[in-house]
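Structural features, examined
Listed below, chain by chain, are the residues.
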Amino acid sequence: MAKRIYIFDTTLRDGEQTPGVSLNMQEKLEIARQLEKLGVDCIEAGFPIASDGDFEAVKAIAQNVRKPVIAALARASKQDIDRAWEAIKLAEKPRIHTFLATSDIHMEFKLKMSPEEVKKRAIEAVAYAKSLSPKVEVEFSPEDGTRTRPEFMYEILEGVIDAGADVVNIPDTVGYSTPGEYGEFIAGIKRNVPNIDKAIISLHCHNDLGLAVANSLAGIENGALQVECAINGLGERAGNASLEELAMALKTRKNYYDFETNIVTEQIVRTSNLVSRATGIHIQPNKAIVGANAFAHESGIHQHGVLNNRLTYEIMTPESVGLKKNLMVLGKHSGRHAFEDRLNELGYSDLSKEDINKAFKKFKDLADKKKSISDGDIEAIIAEDIHQIPEAYSLEYMHISCGNNTVGTATVRVKKAEDRIAEEAACGTGPVDAVFKAIQKAIGIEVNLKDYFLKAIGSGVDALGEVTVKVERGNKIFAGNGISTDIIESSAKAFINAINKISYEEQ
Ligand code: KIV
Ligand code: ZN
């Protein structure tokens, strides 16, 4: 029988450490719920000691997402572990993930501790975490594991397993390893740690050399049963191993690996889109599995082959990752029934009546401007409106004037809470700059625009334009999204969405 590999998702912890990413509680909860549908075994929900916001988000996930194990990260100290436990103690299956660096370079220059002190601290941390409850699982990570002297690694793993660690995770923290080397490192741990059978070996690979997925697969081949990864490969610096690539490699090459996961691969695209929208991190078109070109066949020879037999150039089907064929075209004559059916087919069967009403109204407004509504349009409508944070501000009206020999000007009317209206006008280097300035004046806030990205959903002159902006306030970055058939309106909505997130956070 095929061996089962446990998928530990760290999108909400290591993934949130991606430069320029910060997620609010609502977004984290929504992502966690989607990860549950995706079938991950464990969600690392955050690092509770890092901030009150992180603590509250981990707590909310622990209380609301019941199927997977919910892990919280903690350094190897009592204070961190207590905070992590406080956040996850109501989870159905709580796990404390504690870590301490074990490489010579980290021990000497970062921790300023001797190997003996490190070993003692790690063992104490694991024993303390394990003592908190009979139901808690404990995972230990020797940070910078792959640059740790193997003999010291064996010693420390033996100690933490004796102290009660259920999982020992071997991080390639700086993404330095290569597949042969990492696989051999895991095999060495299996051979040399006498009590290794009492714990699960886990993998955690960073992608600095583009080898995170290859290294993880090598680790799995050498006896690890858990793999840590993130949606869209998010994570510190170049990111972590990408969940979707690992899951599809194990599924597509089952004949070679003979391992199984619990991942519902048909939920991959939806999860990837949700994470991309919430984080404001776009997916490169040629990204494996979820890039826009992953299933596109450009050359005539390839197209001809695929038309005759898909297997000529397709090793997995678009449907297997959740890309569905549009079976029925929706347009302005489509009724609520057809719309609801399509929502169900797309996997939105858990929306409330109120959410469906809201989405249906948007759909009708859009159908007045656009001949046919695609699945991508419906997903964008849902993403824009459903499960969003309360809107402190919304766009009521805008008027733009621009041209190559005129100064771009914008007049906006913004609705504030309690139905107060603010109107302002501004000039800018172009229409987008002008509208952003007018919005800031109307709301009475100043932010720095750090990033602006426009993408068409589908094709054709009436395609929806989806804008993602990233704005900076203090030392934090907030992402906002907006959709419309008019790209200046998408821009204004995205900008206001980012400001709404700031206002939500500041409250
Ligand atoms: O990369 C790393 O070492 C980590 C640990 C906390 C597991 O993220
Ligand atoms: Zn990491």
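Residue positions within a chain follow its written sequence, with the count starting from 1. In the order they appear in the text, chains get letters beginning with A and ligands get numbers beginning with 1. Given that the model is predicted, a residue must reach a pLDDT of at least 70 before its local features are reported, and side-chain atom pairs must reach 80 or more before they are shown or counted; all residues, however, enter totals for whole chains, interfaces and linings. Excluding hydrogens and water, the side-chain values take into account all heavy atoms of the structure.

Turning next to the overall build of the protein. The helix and strand labels rest on DSSP assignments: H or I over at least four residues marks a helix, E over at least two residues marks a strand, and numbering proceeds from the N terminus. For the protein, the count of helices and strands is 17 helices and 16 strands. A principal-axis box enclosing the C-alpha atoms of the protein has dimensions of 70 × 60 × 45 Å. Categorising residues by exposure relies on relative accessible area from a 1.4 Å probe, with only protein chains included: less than 20% of the type maximum marks a residue as buried, more than 50% marks it as exposed, and the intermediate range marks it as partly exposed. Every one of the 507 residues in the protein was classed for burial, and the buried ones make up 53%. Long-range contacts, defined here as pairs at least 24 residues apart, represent 66% of the contacts in the protein between residues at least 6 apart. Using a 1.4 Å probe, the Shrake-Rupley method yields the accessible areas, and only the shown protein chains count as cover for residues. Surface summary for the protein: the accessible area is close to 22700 Å², and the carbon and sulfur share equals 51%. Residues are treated as being in contact if the distance between any of their heavy atoms lies within 4.5 Å.

Before going further, it helps to spend a moment on the packing of helix α2 (residues 52-64) against helix α3 (residues 78-88). As a packed pair, α2 and α3 sit with axes 7 Å apart at the nearest point and diverge in direction by 40°. Between α2 and α3, the angle falls in the class oblique. Of the residues in α3, those touching α2 at D52, F55, V58, K59 and A62 are R83, E86, A87 and I88. Residue classes follow a fixed rule: Ala, Val, Leu, Ile, Met, Phe, Trp, Tyr, Cys and Pro count as nonpolar, while Asp, Glu, Lys and Arg count as charged, and any other residue, Gly among them, counts as polar. Residues belonging to the contact of α2 with α3 are distributed by class as follows: five nonpolar, no polar and four charged. Angles here are taken between N-to-C directions and fall from 0 to 180 degrees, while the axes themselves are lines fitted to C-alpha atoms, restricted in helices to the stretch in contact. The labels follow the angle: roughly parallel below 35 degrees, roughly antiparallel above 145, roughly perpendicular from 65 to 115, and oblique for the rest.

It is worth spelling out the coordination of the zinc ion (ligand 2) at this point. Any nitrogen, oxygen or sulfur atom within 2.8 Å of a metal ion counts as a donor, with the limit raised to 3.2 Å for Na, K and Ca, and since water is left out, coordination shells can look unfinished. The protein atoms that coordinate the zinc ion (ligand 2) are D14 (OD), H204 (NE2) and H206 (NE2), at distances of 2.0 to 2.2 Å. In the primary sequence, the donor residues of the zinc ion (ligand 2) line up as D-x189-H-x1-H. Placement of D14 in the loop between β2 (6-9) and α1 (25-38) and of H204 in strand β8 (residues 200-205) is noted, with a sequence separation of 190 residues between them. Since its relative accessible area comes to 5%, H204 is described here as buried.

Turning to the packing of helix α13 (residues 336-345) against helix α15 (residues 375-385), a few remarks are in order. Their axes nearest at 11 Å, the elements α13 and α15 cross at an angle of 85°. Here α13 lies roughly perpendicular to α15, going by the angle between them. Counting all contacts with α13, which are made through F339, R342 and L343, the residues of α15 involved are D375, I378 and I382.

This paragraph deals with the site of ligand 1. Here a residue counts as near a molecule or strand whenever at least one of its heavy atoms sits within 4 Å of it. Close to ligand 1 lie R13, D14, H97, F99, S141, E143, N169, P171, T173, H204 and H206, which account for all nearby residues. In protein, a polar contact requires one atom able to donate a hydrogen and another able to accept it; more generally it is a pair of N or O atoms within 3.5 Å, and residues adjacent in sequence count only if both atoms are side-chain atoms. Take D14: an N or O atom from its side chain is 3.1 Å from an oxygen atom of ligand 1. H204 is positioned such that a nitrogen or oxygen atom in its side chain is 3.2 Å from an oxygen atom of ligand 1. Considering ligand 1 on its own, with 260 Å² of exposed area, one finds that the protein chains cover 94% of that surface.

Another point: helix α6 (residues 150-162). Owing to its 3.6 residues per turn, the α-helix aligns residues three or four sequence positions apart on the same side. Here a helix's expected span is defined as the number of its residues, less one, multiplied by 1.5 Å. Taking 1.5 Å of rise per residue, the 13 residues of α6 would be expected to cover 18 Å, and the 18 Å separating its terminal C-alpha atoms lies within 8% of that figure. For α6, the set of buried residues is F152, M153, Y154, I156, L157, G159, V160 and I161. The secondary structure elements touched by the buried residues of α6 are α4 (104-111), α5 (115-131), β6 (137-143), β7 (167-172) and α7 (179-192). A positive backbone phi angle near 120° is found at G164, which sits one or two residues after α6.

The description of two aromatic rings rests on the distance between their centres and on the angle between their planes. Note on aromatic pairs: the rings of Phe, Tyr and Trp (six-membered ring only in Trp) are paired at centre separations within 6.5 Å, and the planes decide the class, stacked below 30 degrees, edge-to-face beyond 60, tilted for the rest. All chains considered together, the criterion is met by seven aromatic pairs. Ring geometry for F360 against F363: centres 5.9 Å apart, planes inclined by 25°, an arrangement best described as stacked. Separated by three residues within a single helix, F360 and F363 lie in helix α14 (residues 353-369), roughly one turn from each other. For the pair F360 and F363, one class covers both residues: buried. Aromatic pair F436 and F495: ring centres 4.1 Å apart, planes at 10°, arrangement stacked.

Moving on, we get to the sheet that holds strand β14 (residues 448-457). The strands making up a sheet associate through hydrogen bonds between their backbones, and the pairing can be parallel or antiparallel. Pairing in this open sheet of three strands is antiparallel, and the strands run β14-β15-β16 from one edge to the other. Strands with a single pairing partner mark the edges of an open sheet, and in this sheet they are β14 and β16 (476-484). Across the sheet, the axes of successive neighbouring strands diverge by a mean angle of 15°, strand direction being ignored. One requirement defines pairing of two strands: DSSP has to find at least two bridges between them. As paired strands, strand β15 (residues 464-473) and β16 are joined by nine bridges and run antiparallel to one another. Paired with R473 across the bridge in β16 is K476.

Here I231 is to be found in the loop between β9 (226-229) and α9 (243-252). Taking relative accessible area as the criterion, I231 reaches 3% and is therefore assigned buried. Taking C-alpha positions, I231 is 9.6 Å from N273, a pair spaced 42 residues apart along the chain.

A common way to report how large an interface is uses the accessible area buried once the components associate. Boundaries of every domain are those given by an automatic assignment or by a domain database. Along its sequence, the protein is organised into domain 1 (3-279), domain 2 (294-322), domain 3 (324-385) and domain 4 (394-506). Between the C-alpha centres of domain 3 and domain 4 the distance comes to 25 Å. Contact with domain 3, which involves 10 residues of that partner, is made by eight residues of domain 4. We define buried area as the total accessible area lost by two parts upon association, computed with a 1.4 Å probe and summed across both. Across the domain 3/domain 4 interface, buried area totals approximately 740 Å², and carbon plus sulfur atoms make up 59% of it. Contact with domain 4 buries area across many residues of domain 3, yet K369, K370 and E384 alone supply 52% of it, more than any other trio.

What follows is about α1. Between its terminal C-alpha atoms α1 stretches 20 Å, which fits the 20 Å expected from 14 residues at 1.5 Å a residue. Where α1 is buried, its residues meet β2, β3 (42-46), α2, α9, α11 (268-279) and α17 (487-506). Capping of α1 at its N-terminal end is provided by N24; its side-chain oxygen lies 3.1 Å from the backbone amide nitrogen of Q26. G39 occupies a position one or two residues after α1 and carries a positive phi of about 95°.

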